[in-house]
Amino acid sequence: MNAIVQTPLGRLTLSPINPRQTAAEDGIATLAASIKVCGLIQSLGGYKPADAAEDEPVQIVAGGRRLRALQSLVESGDYTDAILVPVMITDDEATARQWSIAENEIREGVDLAHQVRAYQRQYELTPNIEAIAEAFGVSKRKVKQRLKLADLGDMALTAWAEGKIDDETAGALTLCEAGERQDELVTGLLNKDFNGWELRRKITNQSIDGTERIGKLVLEQYRARGGAETADLFSDEIWLHDTELAFDIAKEILVAKADELLAEGWASVEVASLEVSSRWQLQDGTIFVRGDTSPLTEEEQDELASLKAAVAENDGPISDEIREMTNQIWKLENKPPAYSDELKSQTNATIYIGYKGVELYPWVAPKGGGETISQSSAATQEQAAGPVYSQAVVNDLRAVRLAAMQHALMKNPNLGLELLALLIGGDTYGAAVTINSQTNTPSTKDDGWVQPDIKRSLDSASHRLKDKVAAFTENNTQERHIELLLSALLPALQYALCHTLGETEERQKLWNLYGRQAGMNLREFWTPTDTNFFKRITADQLHGIWSELVGCKPGEPKQLAFESQKKGAKVKQLHALFHDEATRKNLTKAQLKRVEAWEPEIV
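Here the structure is a predicted model, which is why all the values come from computation and not from measurement. Per chain, residue numbering runs from 1 following the sequence as it is written. Local features in a predicted model are, by the rule used here, given only for residues with pLDDT of at least 70; side-chain atom pairs are given and counted only at 80 or more, and totals for whole chains, interfaces and linings are based on all residues. As a convention, hydrogens and water are excluded, and side-chain values are obtained from all of the structure's heavy atoms.

1. Regarding the overall build of the protein
No. 1: Runs of E in the DSSP output that reach at least two residues are strands. Runs of H or I that reach at least four are helices, and both are numbered from the N terminus. Of regular secondary structure, the protein possesses 26 helices and 12 strands.
No. 2: Residue burial is assigned from relative accessible area. The probe radius is 1.4 Å, only protein chains are included, and a residue is buried under 20% of its type maximum, exposed over 50%, and partly exposed in between. Here the protein holds 603 residues, and the buried ones make up 42% of them.
No. 3: Any two residues having at least one pair of non-hydrogen atoms within 4.5 Å are treated as being in contact. Within the protein, counting contacts between residues at least 6 apart in sequence, those at least 24 apart form 74% of the total.
No. 4: With an accessible surface of roughly 32400 Å², the protein has 50% of that area assigned to carbon and sulfur atoms. The protein chains shown are the only cover counted for residues, whose accessible areas, like all others here, come from Shrake-Rupley with a 1.4 Å probe.

2. Focus on the sheet that holds strand E11 (residues 348–354)
No. 1: Criterion used throughout: strands pair if DSSP finds at least two bridges between them. On the basis of which strands lie adjacent, the open sheet formed by 4 strands has the order E9-E11-E12-E10 and mixed pairing. Each having just a single partner strand, strand E9 (268–271) and strand E10 (287–288) make up the two edges of the open sheet.
No. 2: Of the pairings in the sheet, the one linking E10 to strand E12 (residues 357–364) comprises 2 bridges and is antiparallel in character. Residue pairing for E12: phenylalanine 288 is matched across the bridge by tryptophan 363.
No. 3: For every element, the axis is a line fit to its C-alpha atoms; helices are fit only across the contacting stretch, and the angle between N-to-C directions ranges from 0 to 180 degrees. Against the sheet, helix H11 (residues 213–224) contacts E11 and E12, and its axis sits at roughly 90 degrees relative to E11.
No. 4: Of the strands in this sheet, E9, E11 and E12 touch helix H12 (residues 243–264), which is tilted by about 150 degrees from E11.

3. Describing the pairing of strand E3 (residues 44–47)
Regular strands place side chains that alternate from one sheet face to the opposite one.
No. 1: Alternating positions in E3 separate into two faces, Leu44 and Gly46 on one and Gly45 and Tyr47 on the other, with burial throughout.
No. 2: Across 4 bridges, the pairing between E3 and strand E5 (residues 84–90) is parallel. Directly across from glycine 45, in E5, lies its bridge partner methionine 88.
No. 3: Pairing between E3 and strand E4 (residues 58–62): 3 bridges, direction antiparallel. Bridging across to E4, glycine 46 finds its partner in isoleucine 60.

4. Overview of the sheet that holds strand E7 (residues 229–231)
No. 1: Strand order in the open sheet formed by 3 strands is E6-E8-E7, and the pairing between neighbours is antiparallel. With partners counted over all chains shown, the strands left at the sheet margins are strand E6 (208–209) and E7, one partner each.
No. 2: Bridge analysis of E6 against strand E8 (residues 238–240) gives 2 bridges, and the strand direction is antiparallel. Note that in E8 the partner of isoleucine 208 across the bridge is leucine 240.
No. 3: Set on the sheet, H11 makes contact with E6, E7 and E8; between it and E8 the angle comes to about 70 degrees.

Below, the structure is given as structure tokens:
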């Protein structure tokens, strides 16, 4: 038989089939509090052999924690043994074992939005994450995720519960505090102004990912200095919000490393821009110096043999421990080369922040390239302080630059075809055309951004091939076909121009060459504002821009007065140079000319 039977609590006992033979007392207490308030929402699963005596108890195979919680309510005097409990009872042992497995492995029977509300109610009753995790049989991280989702604003929760936004998008929204800003983002999602993938970028566009390159390097010191951060419970990312502090720490780390290397006897030590992430970005015009092979010590050889044996013996799933062993094997088998004192004295070093931390690029200049000059700590500090923006700002500037280039090439199609031909068939340092669309819209769409008119495809109301051919050949002119060809190849242009040409100095020269010929003008579509740029850069960068635009030299009273202000006041003054008519009327012709022509250095 398989039937739900209202059974007195006193006639129920935990079955030896049930895998959860023990449970933490806190978890049982939390679950009991929930049952007391909400009632028993889910029935129990029981097993009673067909030949069992009438008075023999029903063995609970599914719902052991609920049984214990009910029994604890009897002990506290809230319930009695006579209370009836709904139990689905089977007399087949195989079925009972299946129920036991299903109960403990497949737990989520309602949609996530409604689960979140249940977790929130439970936390209000018992604000103990560990106890809730035990009561629900889930991890503490999962409880934290559900409670974080419960903190979403009413507008977000309603849209989520109604299925207008998905679970992943709801998770991304937790990066933004409930309030006006979150409601604006939800409205944008509902209006399809952007999608869930773009949402996370919009929320974090002024922050640094603490799990990547710079963020990972500075994280410990950043926290020690009280930097603000947000942990993304749904992607394991950590967002560092004080970018100025993060960049300052990164520069300090690089300068300290430069001093250390100089003391070791390297001919010179340079600090690369924080934007550099690979030695391939530094090799232009230099010769890479390879060190001597570093043999493993006896201890390292023993460690390598032990690690390989442990990995070889593992025949189960690949755990985090095995992954860590595999990484250590790779490090030992790829031990960094050694540089003798003599080799160091003849070799320059450039240090940069790579994906493994501070990395070293040893190099010499080709013959005739000039003598090497040792650099002091002050020189490396000055070099490290050059203009560098967060990756989010860089992405926005590249998107704007791409839009400006596309617009310029659409107005000059023959030049666009020439560039395509060069990319496809010419020697462009390994550049290749790939059909892969890239964004040409910045994440911050304020008054400083005007969407350019870029033709994307052939307009045709019909899906029939015959009608498409007729539309294509309607205006049978070379100019028309060139225009249509460019429209069809625009996704290729997006990739080739935005990424392929931007990776090295030589490719950047190619970009600039064609950009000038095509009349590319970034300021035609983008103007720096407080929100799209000035608030997102460091105080030192604001000082440099002010000096450049107003024409002040370091140490002059006007420059010192600007630098002595709080960052918010500096941002406001720079914004006014571009947007406030009263401020602009007081500028000299030379100052106004510099303001009208100014673009960020990265562009």
